[in-house]
Amino acid sequence: RSRVRLKELLSEKSIGSTATVAGWVRSVREAEKGTLCFVELNDGSCLGSLQVVVASGIEGFSEMKGCGGTGASVKAKGEVVESPGKNQAIELRATEVTVLGPTRGGPDRAPGAQYYPLAKKFHTPEHLRAHAHLRPRSRLGSAVVRVRHALAFATHEFFNGLGFLYVHTPLITAADCEGAGEQFTVTTLLPEEGERADTIPRTPEGFVDYSKDFFGRKCGLTVSGQLNVETHAVALSDCYTFGPTFRAEVSHTARHLSEFWMIEPEMAFATLDDDVKLAQDYLKYCVSAVLTRCDDDLAFFEQANEKGLRDRLRSLASARVPRLEYSDAIEILLVAIRDGHDFENKDIAWGVDLNSEHERYLTDVVYKGPVVIVNYPKNIKAFYMKLNPGSNPPTVAAMDLLVPKIGEIIGGSQREDDLETLEQRAKEVGLDPKSISWYADLRRYGSVPHAGFGLGFERLIMLVTGVENIRDVIPFPRYPGHAAF
Ligand code: 4AD
Ligand code: MG
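Criteria and thresholds
- Residues numbered from 1 in each chain as written.
- Chains lettered and ligands numbered in written order.
- Predicted model: local features only at pLDDT ≥ 70, side-chain atom pairs only at ≥ 80, totals over all residues.
- UniProt positions renumbered as here; feature names shortened; annotations may be inferred.
- Helix = DSSP H or I, 4+ residues; strand = E, 2+ residues; numbered from the N terminus.
- Buried ≥ 20, exposed ≤ 12 C-beta atoms within 10 Å, placed from the backbone.
- Contact = placed C-beta atoms within 7 Å.
- Near = placed C-beta within 6 Å.
- Expected span 1.5 Å × (residues − 1).
- Pairing = 2+ DSSP bridges.
- Axes fitted to C-alpha atoms, helices over the stretch in contact; angles between N-to-C directions.
- Domains from an automatic or database assignment.
- Nonpolar A, V, L, I, M, F, W, Y, C, P; charged D, E, K, R; others polar.
- Core = buried A, V, L, I, M, F, W, Y, C linked by C-beta atoms within 7 Å.

The name given to the protein in an unreviewed UniProt entry is asparagine--tRNA ligase, and the organism recorded there is Chrysophaeum taylorii. Note on the protein: under the UniProt heading Sequence similarities (unreviewed entry), the record states "Belongs to the class-II aminoacyl-tRNA synthetase family."

Okay, here's the thing in structure tokens:
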């Protein structure tokens, strides 16, 4: 390829070289009575842009002046020189420019009128969200994608380094891992011959006849790859899955999506303690990786979202996460209520699930940092979690890792490895034993203690960027009412 990426070019080391670059115009400024053009070009490989100086007389000068400004795509060849300007170290003195694609009038504009939705320097996240197809050209959109990439790469590096195998778990499944009834159904009912394509086959009793479905049964989109990855962990030892998960949860919060990505490691021959340690090590690895690899983007987020972001991340990468028993968490909240803290929901007692305001009190006020809560009451957790032997009232070997502002970022547990206890638990939550017989088999044939967790990838990105709305850290956010292209 003949062009060089700006990421490689934008250092003083390239001064004196001849280079061809290509990218999209961030701004064009004319000077010297229109005989000079300063073009700020960016190609998305990094946050910074390159100043291209285009003088009258060089090939492509007049096309450049008529390119329509911001958003146009341009290729330029020239010499890299030290920049006399104070905003950049280097610039490209062009000897040749080509406008590959000008910015043209939008569909709802008068013919010929120039309009580009991202023409201004700064846009609110809301404006960018409304232009998801152009968002990657913005500083926010592109910085998010680069950090996402760095974190995905660091994830594979981390687990690969520890000898974990990456297992591809299915997106279409009949199992509802969390049992929270939040599964999207994937229904493709096949009409009988001669029937209209939209006819819904029914049983004699009038119910939808899922046996006529494409898959021969009712299926859905996965809410978690955990149950599937467990089958591999209890055969191959340490495994992980990393893919999209789906939840038909009608929440309009800044930390919920209907489609989000989850990293789910699963370890054989492991306990809750191993699980907590892995979660902490993984989190620290990710934070250190972005600190060393995404400094420019973090500097941008620091200026756009959160003062002191990198200092916060540095302390996150080095501090030990305190561990708190669920019972003690309840005690702390009860004391807070007694001391007059004004929770919206004051119905705190042993046995209730924590709301986000309670979690945030623990992270933001009490610990001023992340905290892991362990050993939750059995009744507020999923059926697959290991019952703590002898616990009374019964608790399970579960852990949630909470971080300030966001709340739960990781949820995990040791898994129930005792066949009878698992079957009993499934019955209690109303699961048809037949539907999980394959899962019970993992306990029937060579059961081993095993543990794992799920980390919400978008919440991790929020944590390291300080971006406050989860819809801004995924390229194509899906939430109630929003699922365009
Ligand atoms: O706590 P959750 O529901 O746990 C599980 O799904 C387990 N099966 C994971 C496992 O043990 N393998 O979800 C795990 C994490 C949460 O801590 C949160 O970070 C994220 O997934 N998450 C969401 N992220 C964005 N939008 C949503 N609607 C989310 N629901 C959960
Ligand atoms: Mg959870």
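Picking up where we left off.
**Q** How do you make sense of the overall build of the protein when you look at a structure like this?
**A** Regarding its fold elements, the protein presents 13 helices and 16 strands. Each of the three principal axes of the protein carries a C-alpha extent, and together these read 85 × 65 × 45 Å. The buried share among the 485 residues of the protein stands at 36%. Considering only contacts within the protein whose residues lie at least 6 apart along the sequence, 67% involve residues at least 24 apart.

**Q** How should the site of ligand 1 be read in this particular structure?
**A** Every one of the 22 residues lining ligand 1 counts as a neighbour, but Ser224, Gln226, Gly411, Gly454 and Gly456 are closest to it. Counting only elements with at least two residues in the shell around ligand 1, the list comes to strand E11 (259-268), strand E15 (407-414), strand E16 (450-456) and helix H13 (457-465).

**Q** Would you mind going over helix H4 (residues 139-161) with me for this structure?
**A** Helix length check: H4 (23 residues) gives 32 Å between terminal C-alpha atoms against 33 Å at 1.5 Å per residue, within 8%. Among all positions of H4, only Arg139, Leu140, Gly141, Ser142, Ala143, Val144, Arg146, Val147, Leu151, Thr155, Phe158 and Phe159 are buried. On the buried face of H4, the contacting elements are helix H3 (125-129), strand E10 (239-246), E11, helix H6 (272-293), helix H7 (295-304) and H13. One or two residues past the end of H4 sits Gly163, with phi positive at roughly 85°.

**Q** What's the story with the sheet that holds strand E1 (residues 18-31) in this structure? I'm lost.
**A** Hydrogen bonds between backbone atoms are what pair the strands of a sheet, whose relative direction is either parallel or antiparallel. Reading around the barrel, the 5 strands line up as E1-E2-E3-E5-E4 and close back on themselves, with mixed pairing between neighbours. Averaged over all pairs of adjacent strands, the angle between strand axes in this sheet comes to 50°, irrespective of strand direction. Here E1 pairs with strand E4 (residues 73-82) via 7 bridges, running antiparallel. By the bridge assignment for E4, Thr18 is matched with Glu79.

**Q** Help me understand the domain arrangement of the protein, please; the structure alone is not making it clear to me.
**A** Reports of interface size often rely on the accessible area that becomes lost once the parts have come together. Split by domain assignment, the protein resolves into domain 1 (6-116) and domain 2 (139-183 + 222-472). Between the C-alpha centres of domain 1 and domain 2 there is a distance of 45 Å. Split into classes, the residues belonging to the side of domain 1 that touches domain 2 amount to 2 nonpolar, 2 polar and no charged.

**Q** What is the right way to look at the nonpolar core in this model?
**A** Generally speaking, a soluble globular protein has its nonpolar side chains buried in company with each other. Grouped together as the largest cluster of nonpolar side chains are 109 residues, with contacts concentrated most on Val39, Val52, Val74, Val290, Leu460 and Ile461. Top contributing element to this core by residue count: H6, with 10 residues. Here this core spans two domains, and each of domain 1 (6-116) and domain 2 (139-183 + 222-472) adds at least three residues to it. When sequence neighbours within four positions are dropped, the list of residues in contact with Val39 reads Val25, Val28, Val52, Val54, Met64 and Val74.

**Q** I keep staring at the sheet that holds strand E8 (residues 185-186) and nothing clicks. Help me out?
**A** Read across the sheet, 3 strands follow the order E7-E9-E8 without closing on themselves; strand pairing throughout is antiparallel. Across the chains shown, the open sheet's two edge strands, defined by having one partner strand only, are strand E7 (172-173) and E8. Judged from the 2 bridges that link them, E7 and strand E9 (residues 219-221) form a sheet pairing that is antiparallel. Directly across from Thr173, in E9, lies its bridge partner Gly220.

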